[in-house]
Amino acid sequence: MFEPLPVSEIEAGVKRIKEKKNKDLGKIIPLIMKDIDAGRTVKQIAERHRISGKLAEEITRMYLTHPGIDTEGIRQRIEG
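First things first, this report covers the structure right here in the doc. Please read all numbers here as calculations on a predicted model, not as lab measurements.

1. A look at the overall build of the protein chain
Here's step 1: Regarding its fold elements, the protein chain presents 4 helices and 0 strands.
Here's step 2: Counting over 80 residues, the protein chain shows a buried share of 28%.

What follows is the structure, encoded as structure tokens:
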């Protein structure tokens with residue numbers, strides 16, 4: 001069989017995944033904001049950026065209902 005990884009290694013891996021996700025989200029939000037301004041639908045945005053419809057809808061809703069919100073504000077709200 002195999003020997004399980006120590007908890008510290010698992011936690012470190014989870015942290016790296018979260019950091020990558022946050023970095024990717026920080027890159028994609030401004031692109032989504034431009035797509036919203038261009039009049040693209042949530043479905044088009046989701047397909048174009050290969051994200052879930054739920055995430056595309058959430059970003060779109062925040063951008064449209066919070067005038068002046070920036071990329072960092074949207075990212076922080078998504079991450080909770």
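From this point, the discussion proceeds with the structure in view.
2. Points about the pattern of salt bridges
Here's step 1: Counted according to the given criterion, the structure contains 4 salt bridges.
Here's step 2: In this structure, the salt-bridge partner of Arg48 is Asp35, at a minimum N-O distance of 3.3 Å. Within this pair, whereas Arg48 is found in helix α2 (residues 42-49), its partner Asp35 is found in helix α1 (residues 7-37), the two being separated by 13 residues in sequence.
Here's step 3: Judged by its relative accessible area of 4%, Asp35 is buried.
Here's step 4: Salt-bridge contacts for Glu79 lead to Arg75; the nearest nitrogen and oxygen are separated by 2.8 Å.

3. As for the packing of helix α3 (residues 53-65) against helix α4 (residues 71-79)
Here's step 1: Close contact between α3 and α4 brings their axes to 10 Å; oriented N to C, the two are set at 130°. Put simply, α3 runs oblique to α4. In this structure, the crossing between α3 and α4 has a hand that is right-handed. Facing Leu55, Glu58, Ile59, Met62 and Tyr63 of α3, the residues of α4 in contact are Ile74, Arg77 and Ile78.
Here's step 2: Classifying every residue of the contact of α3 with α4 gives 6 nonpolar, no polar and 2 charged.

4. With respect to the side chain of Thr60
Here's step 1: In this fold, Thr60 is placed in helix α3.
Here's step 2: Excluding residues that lie within four positions of it along the chain, Thr60 makes contacts with Ile36, Val42 and Ile45.

5. Observations concerning the environment of Gly53
Here's step 1: Within the element layout of this structure, Gly53 appears in helix α3.
Here's step 2: Owing to a relative accessible area of 38%, Gly53 belongs among the partly exposed residues under this scheme.
Here's step 3: When sequence neighbours within four positions are dropped, the list of residues in contact with Gly53 reads Val42 and Ala46.

6. A word on the packing of α2 against α3
Here's step 1: Relative to each other, α2 and α3 sit at 120°, their axes nearing to 8 Å. Considering the angle they form, α2 stands oblique to α3. You can see that α2 and α3 cross each other, and the crossing is right-handed. Along its contact with α2, which presents Val42, Ile45 and Ala46, the element α3 presents Gly53, Ala56, Glu57 and Thr60.
Here's step 2: In the contact of α2 with α3, the residues fall into 4 nonpolar, 2 polar and 1 charged.

Cut-offs and rules
Residues numbered from 1 in each chain as written. Predicted model: local features only at pLDDT ≥ 70, side-chain atom pairs only at ≥ 80, totals over all residues. Heavy atoms only, no water. Helix = DSSP H or I, 4+ residues; strand = E, 2+ residues; numbered from the N terminus. Buried < 20%, exposed > 50% of the residue type's maximum accessible area, 1.4 Å probe, protein only. Salt bridge = Lys/Arg side-chain N within 4 Å of Asp/Glu carboxyl O. Axes fitted to C-alpha atoms, helices over the stretch in contact; angles between N-to-C directions. Parallel < 35°, antiparallel > 145°, perpendicular 65-115°, else oblique. Left-handed = near helix turned anticlockwise from the far one by under 90°. Contact = heavy atoms within 4.5 Å. Nonpolar A, V, L, I, M, F, W, Y, C, P; charged D, E, K, R; others polar.

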